[in-house]
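Chains, contacts and geometry: an overview
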Amino acid sequence: MDKNITFDDIDLGDEIGPSNKVITTEQVFEFVKILESKIEPSRFTDSEFAKSEGLSGPIVPGALTTAVMAQFISNWAPNLKIKTLDVIFRHMVPHNTRLKLVGIFTDKFTEDGLDQLECDVFLQDENEVKLVIGKSTIIVNKK
Amino acid sequence: MILDLHTHSTLSDDSRASVEQYVKWINVLRRKGYNIDGFVLTEHRQFNFDIDYTQISKDNNITILKGAELDTDSGHFLVYGITKEIAKHIKFNNVNMSAIHLIDVCLNNGAIAIPAHPGRFGIGFIEYVNSNNFESINIVEHLNGSYRPGEQDRTEKLISDKGYLGIGGSDAHMVSAIGTCLTKFDHPVNNEKELVQALMTKKFKPIKLEDTK
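Right, let's walk through the structure included here. For clarity, every value in this text was computed on a predicted model and none was experimentally measured. (Residues numbered from 1 in each chain as written. Chains lettered and ligands numbered in written order. Predicted model: local features only at pLDDT ≥ 70, side-chain atom pairs only at ≥ 80, totals over all residues. Heavy atoms only, no water.)

1. A few points about the overall build of chain A
To be explicit about the condition: Elements are defined by DSSP. Helices are runs of H or I of four residues or more, strands are runs of E of two residues or more, and each kind is numbered from the N terminus. For every residue, the accessible area obtained with a 1.4 Å probe (protein chains only) is divided by the maximum for its type, and the residue is called buried under 20%, exposed over 50%, and partly exposed between those limits. Each accessible area is a Shrake-Rupley result for a 1.4 Å probe, and residues are judged covered by the shown protein chains and nothing else.
The helix and strand tally for chain A stands at three helices and five strands. The secondary structure elements of chain A, listed N-terminal to C-terminal, are β-α-α-α-β-β-β-β. With the principal axes as the frame, chain A shows a C-alpha extent of 50 × 35 × 25 Å. Counting only residues that meet the buried cut, chain A has 45% of its 143 residues in that class. Accessible surface computed for chain A: about 7500 Å², of which carbon and sulfur atoms make up 48%.

Here you go:
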């Protein structure tokens, strides 16, 4: 949508997306560099290390996945403010694979004078398997 | 009577949906023309006798029943008709309880245990069905809203090979997932005892949400 929305614009059942995304190995390395000055082999950065932990390959850090889901919401409408985003990791998110983000509004209410929305957010693989599921509470800022 | 027989509220550690939110969402689905009469809460590894959903159920004309999803040595089982007598014989949080014991306890106490998502890779009942004497099992969860590719096919084969009957449940952990898979009963189901009776009569079938319009 990429435009400001109002509280009244949203009905329960309205959807966000879908939006396609690939989280590349380069992006994972950039993310890990924020935390570590020297990147050590890990399940996030090294194929052999990941395989030694029983994974099929290196995976995307959960914090990065969460950030991507938050970005998906905030990109949709700039005047939304994410109050909470609570995620559940159901499956590993591999590097360099096609991902799809979708959201669906499940509740709307006004609390403490703030117009708020609740939204289920899903990060899926290309078979529509939900890899990460989340619930976000979003404040709709006045225009 | 159309019920979602497999749902999780925030009482389950991996769910983010409250019962109140499920109720609100079912009302949204009803306004869109879908037909859902209610749901059964099947929390992971627990059963709370004290929680009472009668008022919210009446206020919204939505049947809300309680069951459990229990871990066993032969996969997860949906259990309906749990009583305090049953609770004396099983530990709900035992992740490796004997499935045979669970099934027997249920049969002897007016309850029923049904393999959940039997086609699931790794933990589905299909992995264990030939490892023990499960002749008293005749119903499995046919439709599950959380299946990955290939798991539904495995379930179809299991049902075909063994001649099982099937139920449907969304396995909802998020608000918008409730009702995606359901069970349609020929007779009314107003409480847990009637649910067990309805399952025993074998007059039910699994359906998807889109089939209820």
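2. Structural notes on the interface of chain A and chain B
Our working rule: It only takes one pair of heavy atoms within 4.5 Å for two residues to be counted as in contact. What counts as buried area is the accessible surface, traced by a 1.4 Å probe, that two parts surrender upon association, with contributions from both included. Salt bridges, as used here, are contacts in which a Lys or Arg side-chain nitrogen is within 4 Å of a carboxyl oxygen on Asp or Glu.
Between chain A and chain B, the contact holds 19 residues from the first and 15 residues from the second. Summed over both sides, the interface of chain A with chain B buries roughly 1400 Å², with 60% coming from carbon and sulfur. Among the ionic pairs, Lys24 of chain B bridges to Asp107 of chain A, the shortest N-O distance being 2.7 Å. Contributing elements (two or more residues each) for the side of chain A that touches chain B: strand E2 (80–89), strand E3 (98–111), strand E4 (114–124) and strand E5 (130–140) of chain A. Of the residues forming the side of chain A that touches chain B, the biggest block, four residues, is contributed by E3 of chain A.

3. Comments concerning unusual backbone geometry
For the peptide bond that leads from Gly17 of chain A to Pro18 of chain A, omega is 5 degrees, which places it in the cis range. Mapped onto the elements of the fold, Pro18 of chain A is located in strand E1 (residues 15–22). Here Glu128 of chain A, not a glycine, exhibits a phi torsion of approximately 65 degrees, which is positive. Here Glu128 of chain A lies in the loop between E4 and E5. Among the residues examined, Glu128 of chain A registers a relative accessible area of 46% and is labelled partly exposed. Despite not being glycine, Lys202 of chain B shows a phi value in the positive range, around 65 degrees. The topology assignment puts Lys202 of chain B in the loop between helix H6 (192–201) and strand E9 (204–208). Residue classification places Lys202 of chain B among the partly exposed positions, given a relative accessible area of 46%.

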